[in-house]
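# Coordinates in review
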Amino acid sequence: MVKAGLEDVVATDSTVCFVDGKEGRLLYQGFDIHDLAEHSCFEEVVYLLWFGRLPNKSELETINRELRINRKLPDEVVRIMKQLPKKALPMEVLRTVVSLLSMYDPDADDNGRESTIRKATRLTAQMPTIVAYWDNIRNDRELKAPLEDCGLAENFLYMLKGERPDELSIKSLDIALTLHADHELNASTFAARVAAGTETDLHSAITAAIGTLKGPLHGGANQEVIKMLLKINETAKAEAFVVKQIEDHKKIMGFGHRVYKTEDPRAWHLRRMSKQLGERTGDLRWYEMSDIIEKVVRREKGLYANVDFYSASVYYMLGIPIDLFTPIFAMSRMSGWAAHILEQIANNRLIRPRAEYLGPTKMTYVQVEER
Ligand code: ACO
């Protein structure tokens, strides 16, 4: 019998990422996510995912430079963005502009490893510019040229808000990007690999992945979490709200996971950041509500928080608009999608499974007038 949602079905070999759902461990190319979150940075993780090992000093300098000098968008792309409907969702804009950028990419026709890495570098550098520019365009704000003297997290916050962010904000976003960079064969990565398996180009595969990440059961969950927290609004109301949701058989967004049957190791870091940011702003409400909800859902349903639960309050306290939460996830996961695409093309075979046919087999065609 077919497993609904392909649960536990192993669909490929991979060395990119290991998710140990029983022990709550996550490894990128063999490195524990706790070590990477503690000691590394997003740019180094990008290199690790694409090249399978940590960079030496000069390799790190090279990838840092490439990710800085490729942040600009072609003028024509910015002009097109300015003509999009202002009500367009940032995820729709990201999906559309990533697709559009393939028409301006000098390596567009070449799907070899080297050119795919160049294209992936450009897209990783450009995606934060797309997201920040869209927020500025829709709010009639000035577009700041991307900086070239700082990391991706700092530049993104600068472009979004128009001023240099503080150290805690930069560090918090950089760790969040590191934590979201890859997660084995999640739905969007699978979509990217299926597309890459047809020998299509990187931009097409990433466009498919962005469309897949957008769904509320996947990357879209972090936006739903903050909407829930805003609805509850007071720490004292959190427990009753969640108990009622559970009684009404409603899903609590940010909980549960197809693979983790214990704590998601990424949640540990995001929980800590949520608390730190709350202490800094003097408003611990979001952290405290989250903490209560987490305990109640654990007690009542035996479910653990996933990566989306605490990332919601972290991004909110960083002053990021709610509908940019999922695009930020995409900005980070771009690195993992590219790593999987590179792995797919290195040893490709078209991904073409079968369906268990359950329909009738002996139907007789009747002319429309006689039906
Ligand atoms: N709230 C309440 N109940 C839940 C939740 C939840 N968040 N998640 C799972 N359950 C319950 C289901 O109702 C179901 O109960 P039942 O057996 O009594 O019907 C049981 O747990 C199994 O749930 P499924 O939805 O079948 O589990 P599946 O592995 O298909 O789904 C998923 C995993 C989609 C993540 C699910 O837990 C969910 O919808 N969570 C909320 C959305 C969310 O947070 N998504 C982000 C996931 S992480 C990511 O993509 C980055």
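Residues numbered from 1 in each chain as written. Predicted model: local features only at pLDDT ≥ 70, side-chain atom pairs only at ≥ 80, totals over all residues. Heavy atoms only, no water.

### Brief notes about empty space enclosed by the protein
- Under the definition given, this model contains one cavity of 30 Å³ or more.
- In this structure, the largest cavity encloses a volume near 40 Å³.
- Residues belonging to the lining of the largest cavity are distributed by class as follows: four nonpolar, three polar and one charged. (1 Å grid on protein atoms, 1.4 Å probe; cavity = no way out; pocket = protein on both sides within 12 Å on 5 of 7 lines; lining within 4 Å. Points joined across faces, edges and corners; volume = space filled by probe spheres on them. Nonpolar A, V, L, I, M, F, W, Y, C, P; charged D, E, K, R; others polar.)

### Considering the pairing of strand 1 (residues 17-20)
- Taken together, the four bridges between strand 1 and strand 2 (residues 25-28) define a ladder with antiparallel strand orientation. In the sheet register, Phe18 faces strand 2, and the bridge partner there is Leu27. (Pairing = 2+ DSSP bridges. Helix = DSSP H or I, 4+ residues; strand = E, 2+ residues; numbered from the N terminus.)

### Here we look at helix 10 (residues 202-213)
- For helix 10, built from 12 residues, the straight-helix expectation of 16 Å at 1.5 Å per residue is met to within 8% by its first-to-last C-alpha distance of 16 Å.
- When we look at burial in helix 10, the residues that qualify are Leu202, His203, Ala205, Ile206, Thr207, Ala209, Ile210 and Leu213.
- On its buried face, helix 10 sits against helix 5 (90-101), helix 6 (113-138), helix 9 (187-196) and helix 16 (325-346).
- Regarding helix 10, its N-cap is Asp201, as a side-chain oxygen of that residue lies 3.1 Å from the backbone nitrogen of His203 further along. (Expected span 1.5 Å × (residues − 1). Buried < 20%, exposed > 50% of the residue type's maximum accessible area, 1.4 Å probe, protein only. Contact = heavy atoms within 4.5 Å. Polar contact = N/O pair within 3.5 Å; in protein donor to acceptor, adjacent residues only side chain to side chain.)

### Here's the deal with the domain arrangement of the protein
- The domain architecture assigned to the protein consists of domain 1 (12-218 + 321-346) and domain 2 (221-317).
- Centre-to-centre separation of domain 1 and domain 2, based on C-alpha positions: 25 Å.
- Summed over both sides, the interface between domain 1 and domain 2 buries roughly 2,500 Å², with carbon and sulfur atoms accounting for 65% of that surface.
- Of all residues in domain 1, Leu179, Ile322 and Phe325 give up the largest surface area on contact with domain 2, accounting jointly for 23% of the area buried on that side.
- Summed over the shared surface of domain 1 and domain 2, the number is one salt bridge.
- Among the salt bridges present, the one from Asp166 reaches Arg280, with a minimum N-O distance of 2.6 Å. (Domains from an automatic or database assignment. Buried area = accessible area lost by both parts, 1.4 Å probe. Salt bridge = Lys/Arg side-chain N within 4 Å of Asp/Glu carboxyl O.)

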